[in-house]
Amino acid sequence: MIIGVPKEIKPNENRVGLIPASVHEFIKNGHEVVVENNAGVGSGIENKEYEKEGAKIIETAKDVFDNADMIVKVKEPQAQEIEMLKNGQILYTYLHLAPDEKQTKGLIKQGVVAIAYETIEVDGKLPLLEPMSEVAGKMSSIMAAYHLAKPYGGKGVLSGGVTGVHSAKFVILGGGTAGLNAAKVASGMGASVFIFDINIERLRYLEDVLPKNCQMIMSNRVNVEQEIQDADAVIGTVLIPGARAPHLITKDMLKLMKKGTVLVDVSIDQGGCFETSYPTTHKDPVFEVDGILHYCVANMPGAYARTSTYALNNATLPFGLKIANLGWREAAKQYECIAKGVNVFDGKITCKPVAEAHGIEYTPIEEFLK
Ligand SMILES: NC(=O)c1ccc[n+]([C@@H]2O[C@H](COP(=O)([O-])OP(=O)(O)OC[C@H]3O[C@@H](n4cnc5c(N)ncnc54)[C@H](O)[C@@H]3O)[C@@H](O)[C@H]2O)c1
């Protein structure tokens, strides 16, 4: 199979679909890899690093799309990329089709086999989303610590304190992948960390793996109201799969906090878990409501493109190799997780939530696997 890696063209996207080590694996498995000129520069990867592993560098995206049997990307295809996709070609990338009717109809029209990273599911988990939650979680504590500095709008509290002076208090709402990673960094900086979750088993696990400056608290309105009053930073990472994030901090509750408290809403991509949140960008990441600073960047991992690209490849490569080695149909037959990833095939929607979101007929992928 010929694997094609175009340069990402979505604004401010610096990640890339394959790293040189992944190219090496595809080639070792008997495939060819073509990479668009400078596709990796945003992630600090030069053409020659791909060439060293056996990839061929080609000049334009069109050449990549024309030649490849499988396109490996990061973000959903943009309008001009959709036009270049061919009937029967495999597209392996993040798609997020449910809120994107234009893209969905484009993929239907082109007749591609669209395999979405975000719907590949293993034992109820989404392994291709997890690495980005790890990045966003770790980054959230860094951003909170940075914005706690007075010149950036915060209270002027240093996360780890110094000898004889209290460290900062970080409250983390949601103790899943992002929450755990936020706690690792915040506790590593020496902050006093309070992690809230509604899942007692998860709290028990966190108790076992996190250091002593982390306390686990059952998440309910009374406990949240109590602990945010003297918090310096509050990081929201709650997720109810498939649903809009619940508002754990309402506008009224901002009054309970001291001015200069920093809120970081990692869950902003699901609508945000603070009532006063709205999505921001890396260029202009924060805003203030009632003296409380809000950081609500919707694509946090984009800031650390190189780490994110490598983390993403660690997660996508094993499934990508199965698809390339077996062909998508056999891979989907043998691995249910890959079957779950197929969102569009031959002009049909094969992912139920996507079909429902657009009122288009749903065709179970199994019908094409017989
Ligand atoms: N902004 C970004 O750039 C970015 C990047 C990656 C992920 N995310 C988002 O971060 C969020 C968290 O992702 P994740 O992978 O950590 O999810 P996860 O499923 O691993 O964790 C979510 C946790 O929230 C808990 N929870 C649910 N309701 C709660 C409540 N009322 N109070 C306290 N805890 C509650 C769950 O029990 C679970 O442990 C998601 O919305 C994800 O899309 C955002």
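Look up: the structure comes first, before these words.
Quick look at the structure, then. (Residues numbered from 1 in each chain as written. Predicted model: local features only at pLDDT ≥ 70, side-chain atom pairs only at ≥ 80, totals over all residues.)

Details of the packing of helix α6 (residues 130-147) against helix α10 (residues 305-326)
Two quantities define a packed helix pair, namely the angle between the helix axes and the distance between the axes.
Part 1 of the reasoning: Running from N to C, α6 and α10 point in directions that differ by 150 degrees, and their axes come no closer than 8 Å. Taken together, the axis directions place α6 and α10 in an arrangement best described as roughly antiparallel. For the crossing formed where α6 meets α10, the hand is right-handed. Of the residues in α10, those in contact with Glu130, Pro131, Met132, Glu134 and Val135 of α6 are Thr307, Ser308, Ala311, Leu312, Asn314 and Ala315.
Part 2 of the reasoning: In the contact of α6 with α10, the residues fall into six nonpolar, three polar and two charged. (Axes fitted to C-alpha atoms, helices over the stretch in contact; angles between N-to-C directions. Helix = DSSP H or I, 4+ residues; strand = E, 2+ residues; numbered from the N terminus. Parallel < 35°, antiparallel > 145°, perpendicular 65-115°, else oblique. Left-handed = near helix turned anticlockwise from the far one by under 90°. Contact = placed C-beta atoms within 7 Å. Nonpolar A, V, L, I, M, F, W, Y, C, P; charged D, E, K, R; others polar.)

A closer look at the environment of proline 20
Part 1 of the reasoning: Take proline 20: it is sitting in helix α1 (residues 20-28).
Part 2 of the reasoning: Each C-alpha atom of the pair proline 20 and glutamate 49 lies 6.2 Å from the other, and the pair is 29 residues apart in sequence.
Part 3 of the reasoning: The residues contacting proline 20, other than those within four sequence positions of it, are Ile45, Glu49, Tyr50, Lys52 and Glu53.

As for the site of the ligand
Part 1 of the reasoning: The local shell around the ligand holds 31 residues, among which Ser133, Ala136, Gly176, Ser219 and Met300 are the closest.
Part 2 of the reasoning: Looking at the shell around the ligand, the elements that each hand over two or more residues are α6, α7 (177-188) and β8 (192-197).
Part 3 of the reasoning: Looking at the shell around the ligand residue by residue, the classes come out as 16 nonpolar, twelve polar and three charged. (Near = placed C-beta within 6 Å.)

Some points on the environment of proline 99
Part 1 of the reasoning: Among the structural elements, proline 99 can be located in the loop between β5 (90-93) and α5 (101-110).
Part 2 of the reasoning: In sequence terms proline 99 and tyrosine 278 are 179 residues apart; their C-alpha atoms lie 17 Å from each other.

Re the sheet that holds strand β6 (residues 113-116)
The strands that make up a sheet pair up through hydrogen bonds in the backbone, lying either parallel or antiparallel.
Part 1 of the reasoning: If you trace the eight strands from one edge of the open sheet to the other, you get β3-β2-β1-β4-β5-β6-β14-β15, paired in mixed fashion. At either margin of the open sheet sits one strand with a lone partner, and together these are β3 (56-58) and β15 (348-349). (Pairing = 2+ DSSP bridges.)

Concerning unusual backbone geometry
Part 1 of the reasoning: Here the phi dihedral of aspartate 123 falls at roughly 50 degrees; this positive angle occurs in a residue that is not glycine.
Part 2 of the reasoning: Within the secondary structure, aspartate 123 is located in the loop between β6 and α6.
Part 3 of the reasoning: The class of aspartate 123 is exposed, set by 6 C-beta atoms lying within 10 Å.
Part 4 of the reasoning: We note that aspartate 290 has phi near 50 degrees; this positive angle belongs to a residue other than glycine.
Part 5 of the reasoning: Within the secondary structure, aspartate 290 is located in the loop between β12 (286-289) and β13 (292-295). (Buried ≥ 20, exposed ≤ 12 C-beta atoms within 10 Å, placed from the backbone.)

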